[in-house]
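So you can see what is in the structure, the chains are spelled out below.
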Amino acid sequence: MTARGPFSGAVRLYRGSASLRTQITVGYGLLIAVCLCAYSVVAGLSFGRHAGAALDHRAHEDIELAARALVLEGERPAWAGGFLGKHVEEEEGGGHRVEVWSLAGELLLTAGTFCSDGLGPAPSLVDAEEGGARTVELPVGPVRMMTELVRASESRFLVRAGVSEAPTRALVRSVWFELSFLSAAVLAVGGLAGWAFSRKALAPLARMADRARQITAEQLHGRMDIEPASAELEQLRDAFNDTLSRLERSFEQLRRFTADAAHELRTPLTALRSVGEVGLRSARSEEDLREVVGTMLEEVDRLSRLAGD
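Residues numbered from 1 in each chain as written. Predicted model: local features only at pLDDT ≥ 70, side-chain atom pairs only at ≥ 80, totals over all residues. Heavy atoms only, no water.

### Some words on the pattern of salt bridges
Taken as a whole, this structure holds seven salt bridges when the rule is applied. The salt bridge involving D56 is made with R144; its shortest N-O contact spans 2.7 Å. Residue D56 is found in helix α2 (residues 20–69), and its partner R144 is found in strand β6 (residues 141–152); the two are separated by 88 residues along the sequence. We note a salt bridge from R160 to E99, for which the minimum N-O separation is 2.7 Å. Taken together, the residues R160 in strand β7 (residues 155–164) and E99 in strand β3 (residues 96–101) connect sequence positions 61 residues apart. (Salt bridge = Lys/Arg side-chain N within 4 Å of Asp/Glu carboxyl O. Helix = DSSP H or I, 4+ residues; strand = E, 2+ residues; numbered from the N terminus.)

Spelled out as structure tokens, the structure:
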């Protein structure tokens, strides 16, 4: 089945005009490019998933930490000693925030290092029941938020944690950039290596072509004496030498046949000439002419048999 499409003509032109070395190099480069692209995409997506999972884990840890530190002072919740003073080492542009809300939607406690305006509207039980984390775009940037229902004594509260996605997104972009750069570098090195390899592998073929141009009909005794670099080229060399041997035998047979034919044809032609000359000089009567013509016809029959043979 012939491939059809807008690029089929270009592909056929390339295959017909490009050298074998170029085709090997391009094919080798395309194979490397496909493998590198597949690896980069899989690696990048996997790293992105792991980075997202790490953000969710951090948000969940903040909620657990807040739940353990939450105590009641009368009817109002408060932090146990040391929670507000907990130092969280963060990257540039990052940070986190924890909020404690009543079920009625009242903000009771906050802690964290960013987003002083809060994490948005009050959470609901639906948010806690749905679970999981979601990304919200806030003025400070993208924030990964998670809401859970916690208990302190006999009371229940909604604890919402937000973790900045800015450092993670920057890290993921950096990983994608590095994967792209490394893929391009490996592709360039692989292409050069493929070109060098194909040049070295096909060098004996070029020498064989040069040697073949030196062999003519007068020099059929010449043979390919190039040392091949692979079993395939060795088979090509041996096949070419066998072909030259058969051609040499055929030419030799043709020379012998030509010499034999020339010798066989020379005799009746000489006889025809002699009989004709004698007849022209000495024939005096119709009977003499008949004899000359009969002799010539015999030689013509002999020539016909030789041609048939």
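More follows now that the structure is in view.
### Some details on the nonpolar core
Formed by 19 residues in total, the largest nonpolar core has its most connected members in L70, W79, V100, F157 and V159. Counting only elements with at least two residues in this core, the list comes to α2, β3, β4 (107–112), β6 and β7. Top element by residues in this core is α2. It accounts for five residues. Ignoring anything within four residues of it in the chain, the contact list for L70 reads P77, A78, W79, V100, L109, V150, A152 and F157. Membership of the second largest hydrophobic core comes to six residues, among which are F114, L119, V136 and V143. (Core = buried A, V, L, I, M, F, W, Y, C linked by side-chain atoms within 4.5 Å. Buried < 20%, exposed > 50% of the residue type's maximum accessible area, 1.4 Å probe, protein only. Contact = heavy atoms within 4.5 Å.)

### Comments concerning the pairing of β7
Along any regular strand, the residues point their side chains to alternate faces of the sheet. Most of β7 sits inside the fold, with eight of its 10 residues counted as buried. Bridge count between β3 and β7: six bridges; the pairing is antiparallel. Bridge pairing in β7 links V100 to V159. Two elements, β6 and β7, share 10 bridges in a ladder whose sense is antiparallel. Across the sheet, the residue bridging to R151 is R156, located in β7. (Pairing = 2+ DSSP bridges.)

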